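# Structural features, examined
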Amino acid sequence: MQMTMDGEVQERGGRRGEAAETAEEETAPNPSNGQEQYCEIKELVDLIESTASIGDYRMMQKKESHILVRRLKILLLLLEDVNELHGQVPETSSIPFSNLKKALLCAKELLITCSVGSKIYLALENEAIMGRFHNVNQKLSKALKDLPYEELGVSDEVKEEIDLVRMHLKRSKGRTESQDAELAMDMMVVFSKDDERKADSAIIARLANKLELHSVVHLNTETIAVRKLVRESGGKNGESIQHVIELLSKFRRSAGLEDINVLDDPTFDNALKKSSSLVIPDEFLCPISLEIMTDPVFIENGQTYERESIQKWLDSHQTCPTTRQPLAHSSLAPNYALRNLILQWCERNNFQLPINYAASDTESSSSIEGKEEVVSAVRNLSSNQLEVQRKASRKIRMLSKENPVNRILIAKSGGIPPLVQLLSYPDSKIQEHSVTALLNLSIDEANKKLIAREGAIPVIIDVLRNGSTAAKENSATALFSLSMVNDIKETIVLSNGIPPLVDLLQHGTMTGKKDAATALAHLCVDQANKTRAIEAGIIPPLMKLVKDSYMIDEVVSILYQLSSHQDGPQEIGQFSFIETLVDLTRDGTPTNKEWATTLLLSLASANSSFMLIALQFGVLQYLIEISESGNARAQRKAKSLLKLMRRYEQI
């Protein structure tokens, strides 16, 4: 991938930091001067301490960031020892210390990126970021190895500590964990070019929760980070940047926020280009719009927002956008004190407040009619007339399809219990409408738990086994949506939900196979569930889908997940299927080649015989081509597989 974040752009062939450091080296003071050397040591100490104070790292890189910081802090023992015991450093050590400084600057730059960079980008490019951690660790390890410890007079105790740090740095690997694979699968589904999937909203909600991008404040901060990312890419909006922008837009729509054009929206442009001579105080800015408030109002918990922005939010939410806590009521009260402060500040600074075109906050008659329509439909679900129930379940299905306000209102009106009861009705249409309505309602996070609490999971699984074609498909998608909550996920597994999903994967329509695959991909993140899925026969239908050229990327990614199970490689590594994977490395799309190479690497790592089979089909030539011209991840996987092949030849 050509475009990377600030740190990575600089790191490839011509870092701005390195240029500056070279200039510093040319004019550096004579290291034989004790006081000047003390300043250099102090500079390194300050650099480590300032790096250690960054904190608050993104979820995907939090573990690696904290490990790196912990290792950097141990280096303080070395620097303090050198300074306290000797006061000066031999002239021969100036270059090693300069290299240590460069490595520390690389570490700081990376940690800053992992602290304030775009959360979406860091998740999307996590593997590349892990590669940067590996590079930083290697630079630090080499710099520490080159220090002349005997000349410096470092104590044995400190030397042992540094040797231990260096050993860990040298052995460090930039590998992703199971949760990364889960996120990668979700993102791949979201960015799929296939027809829109019914579970999209559920996947979006889950991704937003995992990336902590579900509050208005976090989303606006992310929008600014993405805008900064776009600018620093030099206007080259590659595939990765486009994916980041697309997902950010989906997150904003899912949270009930107005969609914006990240590339040229003036609100966020102003947030990026605040004048250093006139900075608007943060307390004057609305947390939702990031604009100076013209009509600030309190909500029930004391938080202040611009009236128009918070009114839009409350039209479809019952929580505070900042704290996400439930609100007892949605009444607004003017914050006169803050408004007066804003007016005074504007007058002092000759700042013109924007004109407020806030809409009337009186409830429209159409809104009232909509509520009455929901209440009436919910009431009719419990009718003793079959046709009335059929029409009511269809009405609830349609009302809950796209309107987040209706999803909340249907649940508040008591619509979930009768829908669950209707799942057991012998009428196929009522069953289909009810399970689809529950799917739509489950998009709201609070509704998921309400649905599970009503005992819906076993009944939905029964519909998955015995319902009509459409009901089976929507049951699979509903289970996927509900499984976002870990407790519900466990209930699905304990209710024996995996075998009927595998059956749908094998015998369903193409839509059914897709829905089943999506649900199974999520469930199979857990190792115990991989065992259940393999025992239920998941691998043969997955391999058949790949051979039939259907859902290749998604299916191969599931097989990659299963390849980490002890029984996975033997089932997947069939002669004919390895030939199919090799064909994909030759003729597939860029992402086909990426996933095929990834799975081949996993199989070869488990058993070298699979690598020999792939070589028989001519994979070597295709891997060389991918390592030179594939996408970024494909190149890394191809190089790793080629390295494994060379190592095997030596053995």
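Per-chain numbering applies: the sequence of each chain, read as written, is numbered from 1 onward. With the structure being a predicted model, the display of local features is reserved for residues of pLDDT at least 70 and the display and counting of side-chain atom pairs for 80 or more, all residues being used for whole-chain, interface and lining totals. Side-chain measures here rest on the full set of heavy atoms in the structure, leaving out hydrogens and waters.

So, on to the overall build of the protein chain. Per the convention used, a helix needs a DSSP run of H or I reaching at least four residues, while a strand needs a run of E reaching at least two, with both numbered from the N terminus. Check the secondary structure of the protein chain and you find 36 helices and three strands. Remark: exposure states derive from per-residue accessible area (1.4 Å probe, protein chains only) relative to the maximum for the residue type, with buried under 20%, exposed over 50%, and partly exposed in between. Here the protein chain holds 651 residues, and the buried ones make up 50% of them. We call two residues contacting when some pair of their heavy atoms lies within 4.5 Å. Counting contacts in the protein chain only where the partners sit at least 6 residues apart, residues at least 24 apart contribute 71% of the total. Residue exposure ignores everything except the shown protein chains as possible cover, and the areas themselves are Shrake-Rupley values with a 1.4 Å probe. Surface summary for the protein chain: the accessible area is close to 30500 Å², and the carbon and sulfur share equals 49%.

Time to look at the packing of helix H29 (residues 539-547) against helix H30 (residues 552-562). Geometry is summarised by axes, namely lines fitted to C-alpha atoms with helices restricted to the contacting stretch, and by angles between N-to-C directions that run from 0 to 180 degrees. The geometry of H29 relative to H30 is characterised by a closest axis approach of 9 Å and an angle of 145° between their N-to-C directions. In terms of crossing hand, the pair formed by H29 and H30 is left-handed. In this structure, H29 uses Ile 539, Leu 542, Met 543, Leu 545 and Val 546 to contact H30, whose residues at the interface are Ile 552, Val 555, Val 556, Ile 558, Leu 559 and Leu 562. Classifying every residue of the contact of H29 with H30 by side-chain character gives 11 nonpolar, no polar and no charged. Note: crossing handedness is left-handed where the near helix turns anticlockwise from the far helix by less than a right angle, and right-handed where it turns clockwise. Under the grouping applied here, Gly and all other residues not named as nonpolar or charged are polar, the nonpolar ones being Ala, Val, Leu, Ile, Met, Phe, Trp, Tyr, Cys and Pro and the charged ones Asp, Glu, Lys and Arg.

This part takes up the packing of aromatic side chains. Pairing of aromatic rings covers Phe, Tyr and the six-membered ring of Trp, with a centre-to-centre limit of 6.5 Å; geometry is then stacked below 30 degrees between planes, edge-to-face above 60, and tilted otherwise. Applying the stated criterion across every chain, the model contains three aromatic pairs. Their ring planes at 75° and their centres at 6.0 Å tell us that Phe 284 and Trp 345 sit as a pair that is edge-to-face. Of this pair, Phe 284 sits in the loop between helix H14 (266-272) and strand E1 (296-298) while Trp 345 is found in helix H16 (residues 336-348), placing the two residues 61 residues apart along the sequence. For the pair formed by Phe 284 and Trp 345, the shared burial category is buried.

The next thing to look at is the packing of helix H26 (residues 498-507) against helix H27 (residues 510-523). Remark: H26 packs on H27, axes separated minimally by 8 Å, with the N-to-C direction vectors making an angle of 140°. Between H26 and H27 the crossing geometry is left-handed. Two secondary-structure elements touch here, H26 through Ile 498, Leu 501, Val 502, Leu 504, Leu 505, Gln 506 and His 507 and H27 through Gly 512, Lys 513, Ala 516, Ala 517, Ala 519, Leu 520 and Leu 523. Of the residues belonging to the contact of H26 with H27, the class tally is 10 nonpolar, three polar and one charged.

One broad rule of soluble globular proteins: the nonpolar side chains tend to lie buried together. We call a set of buried residues a nonpolar core when its members are Ala, Val, Leu, Ile, Met, Phe, Trp, Tyr or Cys and they connect through side-chain atoms within 4.5 Å of each other. Core analysis: the largest hydrophobic core is formed by 139 residues, its most contacted members being Phe 251, Ile 292, Ile 538, Leu 559 and Leu 562. One finds Ile 41, Leu 68, Leu 100 and Val 154 within the second-largest nonpolar core, a separate group that totals 39 residues.

Moving on, we come to unusual backbone geometry. We note that Glu 212 has phi near 55°; this positive angle belongs to a residue other than glycine. Within the fold, Glu 212 resides in the loop between helix H11 (200-210) and helix H12 (216-232). What makes Glu 212 partly exposed here is its relative accessible area of 38%. Not every positive phi belongs to a glycine, and Ser 549 is a case in point at roughly 60°.

Bringing the pattern of salt bridges into the picture now. By definition, a salt bridge exists where a carboxyl oxygen of Asp or Glu is found within 4 Å of a side-chain nitrogen of Lys or Arg. Evaluated as defined, the whole model comprises 17 salt bridges. Note that Arg 307 is salt-bridged to Asp 295, the shortest N-O span being 2.7 Å. Residue Arg 307 is found in helix H15 (residues 307-314), and its partner Asp 295 is found in the loop between H14 and E1; the two are separated by 12 residues along the sequence. Here Arg 633 makes a salt bridge to Glu 594, at a shortest N to O gap of 2.9 Å. Note that Arg 633 is positioned in helix H36 (residues 632-650) and Glu 594 in helix H33 (residues 590-606), a separation of 39 residues in sequence. Exposure remark for Arg 633: the relative accessible area of 17% places this residue in the buried category. Under the relative-accessibility criterion, Glu 594 is labelled buried at 11%. Through salt bridges with shared partners, one network takes in Glu 127, Glu 594, Arg 633 and Lys 637.

Turning next to the sheet that holds strand E2 (residues 304-306). The pairing criterion is simple: DSSP has to find at least two bridges between the two strands. An order of E2-E1-E3 is seen for the three strands of this open sheet, with the pairing classed as antiparallel. The two strands at the open ends of the sheet, each matched to only one other strand, are E2 and strand E3 (333-334). In this structure, E1 lies alongside E3, joined through two bridges in antiparallel fashion. The residue bridging Phe 298 from the neighbouring strand is Ala 333, located in E3. Of the strands in this sheet, E1, E2 and E3 are in contact with H15, which crosses E2 at around 100°.

pLDDT expresses, on a scale from 0 to 100, how confident the predictor is about each individual residue. Taken as a whole, the protein chain shows an average pLDDT of 81; of its residues, 81% reach a score of 70 or greater. Considering only residues more than four positions removed or in separate chains, one finds that residues 1-39, a stretch of pLDDT under 50, has 55 contacts. For residues 357-366, every residue scores under 50 in pLDDT, and the model assigns this stretch six contacts once sequence neighbours within four places are set aside.

Looking now at helix H19 (residues 404-412). Every buried residue of H19 is accounted for by Asn 406, Arg 407, Ile 408, Leu 409, Ile 410 and Ala 411. Directly after H19, the chain includes Gly 414, whose backbone phi takes a positive value near 85°.

On the surface, Asp 156, Glu 157, Glu 160 and Glu 161 cluster together into a negatively charged patch. Mapped onto the secondary structure, Glu 157 falls in helix H9 (residues 156-171). Only residues whose relative accessible area exceeds 30% and that take part in no salt bridge are eligible for patches, with like-charged residues grouped when within 9 Å of each other and nonpolar side chains (Val, Leu, Ile, Met, Phe, Trp, Tyr) grouped when within 5 Å. Counted charges follow a simple rule, with Lys and Arg positive, Asp and Glu negative, and His plus the chain ends left uncounted. To locate a charge, the coordinates of NZ of Lys, CZ of Arg, CG of Asp or CD of Glu are taken.

Moving on, we get to the environment of Val 374. Summarising the element assignment, Val 374 is placed in helix H17 (residues 365-380). For Val 374, a relative accessible area of 0% puts it in the buried group. Taking the C-alpha atoms as reference points, Val 374 and Lys 395, 21 residues apart in sequence, are found 8.5 Å from one another. Those residues within four positions of Val 374 in sequence are excluded, and the remaining contacts are Ile 396, Leu 399, Asn 406, Leu 409, Ile 410 and Ser 413.

What follows deals with the side chain of Asp 427. Within the element layout of this structure, Asp 427 appears in the loop between helix H20 (416-422) and helix H21 (428-441). For the purposes of these results, a polar contact is taken to be a pair of N or O atoms within 3.5 Å, where, inside protein, one atom must be able to donate a hydrogen and its partner to accept one; residues adjacent in sequence count only when each atom of the pair is a side-chain atom. A polar atom in the side chain of Asp 427 sits 2.4 Å from the side chain of Arg 390. A polar contact of 3.1 Å, which involves the side chain of Asp 427, links it to the backbone nitrogen of Lys 429. Excluding residues that lie within four positions of it along the chain, Asp 427 makes contacts with Leu 386 and Arg 390.

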